[in-house]
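The primary structure of each chain is shown beneath.
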Amino acid sequence: MQVNVKLFATLRDGRFKQEKMELGDSSKVFDVLEKCNLPLEEVAISMVNGRDVTNDHQLQDGDTLSLFPPVGGG
Amino acid sequence: MGVQLPPRYQRNYKALSVEDQARLGEATVAVVGCGGLGGNVIEEFARLGVGRLVLIDGDRFDETNLNRQLLATEKNLGQSKVQAAKQRVEAVNSGVKLKIIGEWFDEDKGEEFFQGVNLVVDALDSISRRVSLERACHKLGLPLVFAGVAGWFGLLGVSFPGDNTVARLFRGGERGAEKVTGNPAFAPAIIASLAVVEAVKVLIGRTVPLRKAWLQVDLLEMEFETFSLE
């Protein structure tokens, strides 16, 4: 299946802004993080088709997954 | 014109109506954190004419603050941030009533710190404290405007009791990206201004687009995108 992965802010560094990713059936958000070499502590929130999900959320063909880093400074 | 505003508020009109100006004058806003975001937020609230400000920060200025913190100057290094904020507000608008609290925010102190407060603005630099600030606000039935910056990036939103936006938005990733990116002057100023815009809308009863949502700001790409958390 194919999932549209969008990265935001610092997560784009050395990666990409948006990429269509081929994944095995029943892949989860975790699997995308691993494929992107993204440690858990670098992702604050994961959204699938505009809804926030946990990292064990199962992805479907055609989903858009958006990943955001924690932006905590003041 | 029939409008009777003191000269210092005449240029707020008509963006802000006479009624809006009066509402701001009756409002009490707490600003938690008087650093990069906080300094700019406090400056704008003072000029807008918010009636009373509660300013909270346990820190003192040091040299590393000079790159971005509006209230930090070469002359006041070592001074407490809330004292500097008080002097600035008094110099800009002596009509603003002030309560300064030179302590770190603690969830247990919400009730004491936020007495008589109508709205809280988060200008903290810690994710875990921001989450606990939201809990404290919601326990007291107070809306919170939250904001964060990291290098070229920033975000902000508005959380009303029951929304729990901050807890959802910062569910993972305890270590903020700003630990790596630093914080040049531009992001705090921009994000602080946007936070003040949403705060004013809450106070004057206008629609608040960033409720149950957040604005993700990317100054490298000049992208401003709102994401909803319904």
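Residues numbered from 1 in each chain as written. Chains lettered and ligands numbered in written order. Predicted model: local features only at pLDDT ≥ 70, side-chain atom pairs only at ≥ 80, totals over all residues.

Notes on the sheet that holds strand 3 (residues 45-48) of chain A
All names here are of chain A.
Move 1: One open sheet holds the five strands; their spatial order is 2-1-5-3-4, and the pairing between them is mixed. Bordering the open sheet on either side are strand 2 (18-22) and strand 4 (51-53), each of which pairs with just one other strand. If you compare each strand with its neighbour and ignore which way they point, the axes differ by 30° on average.
Move 2: Here strand 1 (residues 2-7) pairs with strand 2 via five bridges, running antiparallel. Looking across to strand 2, one finds that Gln2 is bridged to Glu22. (Pairing = 2+ DSSP bridges. Helix = DSSP H or I, 4+ residues; strand = E, 2+ residues; numbered from the N terminus. Axes fitted to C-alpha atoms, helices over the stretch in contact; angles between N-to-C directions.)

Here's the deal with the nonpolar core
Move 1: Counting residues in each nonpolar core, the largest one holds 85 residues, and the members touching the most others are B:Val31, B:Val121, B:Leu156 and B:Ala195.
Move 2: Residues in contact with B:Ala195, not counting those within four places in the same chain, are B:Leu37, B:Val41, B:Val121, B:Val145, B:Ala147 and B:Leu156. (Core = buried A, V, L, I, M, F, W, Y, C linked by C-beta atoms within 7 Å. Buried ≥ 20, exposed ≤ 12 C-beta atoms within 10 Å, placed from the backbone. Contact = placed C-beta atoms within 7 Å.)

A few points about the environment of B:Leu66
Move 1: Mapped onto the secondary structure, B:Leu66 falls in the loop between strand 2 (52-56) and helix 3 (81-92).
Move 2: In the structure, B:Leu66 is positioned 119 residues away from B:Ala185 in sequence and 9.1 Å away in space, judged by C-alpha atoms.

Here we look at the interface of chain A and chain B
Move 1: The interface is formed by 19 residues belonging to chain A together with 36 residues belonging to chain B.
Move 2: Classifying every residue of the side of chain A that touches chain B by side-chain character gives eleven nonpolar, five polar and three charged. (Nonpolar A, V, L, I, M, F, W, Y, C, P; charged D, E, K, R; others polar.)

Notes on the packing of helix 2 (residues 36-48) of chain B against helix 8 (residues 186-204) of chain B
Residue and element names in this part refer to chain B.
Move 1: At a minimum axis separation of 8 Å, helix 2 and helix 8 run at an interaxial angle of 45°. Overall, the two elements helix 2 and helix 8 adopt an arrangement that is oblique. Relative to helix 8, the crossing made by helix 2 is right-handed. Between helix 2, through Gly36, Leu37, Asn40, Val41, Glu44, Phe45 and Leu48, and helix 8, the contact on the second element is made entirely by Pro188, Ala189, Ile191, Ala192, Ser193, Ala195, Val196 and Val200. (Parallel < 35°, antiparallel > 145°, perpendicular 65-115°, else oblique. Left-handed = near helix turned anticlockwise from the far one by under 90°.)

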